[in-house]
Amino acid sequence: MSDSLHSLQRTLCIIKPDAVKKKVQGGIIQKILDAGFNIRGMKMIRLDESAARKFYEVHKERPFYGELVSFMTSGPVVVIALEKENAVADYRKLIGATDPAEAEEGTIRKIFADSKSENAVHGSDSEENGKIETGFFFTDKELI
Ligand code: CMP
């Protein structure tokens, strides 16, 4: 149930291979929780090439698509289904700009990311994609 003023939204966080390798998952998750998000589902997985290609299909014509797929399959990731009022916009503000060099002070990417391609976390870019991307990794039964 939702009303238009206070609708709960879902958004997908992926803690990317660079952040898992650096063992900063804990710090990232704590910042997300401190910002008022609820975790409805969470798991650590290793994406295979076909899953990564499918997840990032929208970028398939971009010059960085191959690099993106190879990076996202280079090690384990943590996928997290987040829920909160206004989750999509609030989470994007919390993570900061795609390029950490352009991200605001205090944002997750400013603190934890190294570059535009190895940028620590993913976030859904719309309410619609929040639902689609959460469904990509979690069945309804897995969301608590
Ligand atoms: P993400 O939010 O996961 O969605 C698409 C990803 O593509 C983005 O984060 C970046 O990691 C990556 N990306 C975007 N632009 C570039 C770029 N110019 N070069 C390399 N990777 C990029």
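Heads up: these notes are all about the structure in this document. (Residues numbered from 1 in each chain as written. Predicted model: local features only at pLDDT ≥ 70, side-chain atom pairs only at ≥ 80, totals over all residues. Heavy atoms only, no water.)

A closer look at the sheet that holds strand E1 (residues 8-15)
Strand order in the open sheet formed by four strands is E2-E3-E1-E4, with antiparallel pairing between adjacent strands. Across the chains shown, the open sheet's two edge strands, defined by having one partner strand only, are strand E2 (38-45) and strand E4 (121-123). Between one strand and the next, the sheet's axes are offset by a mean angle of 20°, whatever the strand orientation. Helix H5 (residues 87-95) contacts E1, strand E3 (77-85) and E4 of the sheet and is inclined by roughly 35° relative to E1. (Pairing = 2+ DSSP bridges. Helix = DSSP H or I, 4+ residues; strand = E, 2+ residues; numbered from the N terminus. Axes fitted to C-alpha atoms, helices over the stretch in contact; angles between N-to-C directions. Contact = heavy atoms within 4.5 Å.)

Observations concerning the environment of Arg46
With respect to the helices and strands, the residue Arg46 is situated in the loop between E2 and helix H3 (49-55). Separated by 33 residues in sequence, Arg46 and Cys13 have C-alpha atoms that sit 15 Å apart. Within the structure, the side chain of Arg46 is placed 2.9 Å from the backbone oxygen of Thr73, a separation counted as a polar contact. (Polar contact = N/O pair within 3.5 Å; in protein donor to acceptor, adjacent residues only side chain to side chain.)

Looking at unusual backbone geometry
If you check the backbone angles, Lys23 has positive phi at about 60° while not being a glycine. As for its placement among the helices and strands, Lys23 is situated in the loop between helix H1 (17-21) and helix H2 (25-34). A positive phi angle, close to 55°, is found at Asn86, a residue other than glycine. With respect to the secondary-structure elements, Asn86 resides in the loop between E3 and H5. Assessed through its relative accessible area of 39%, Asn86 is described here as partly exposed. (Buried < 20%, exposed > 50% of the residue type's maximum accessible area, 1.4 Å probe, protein only.)

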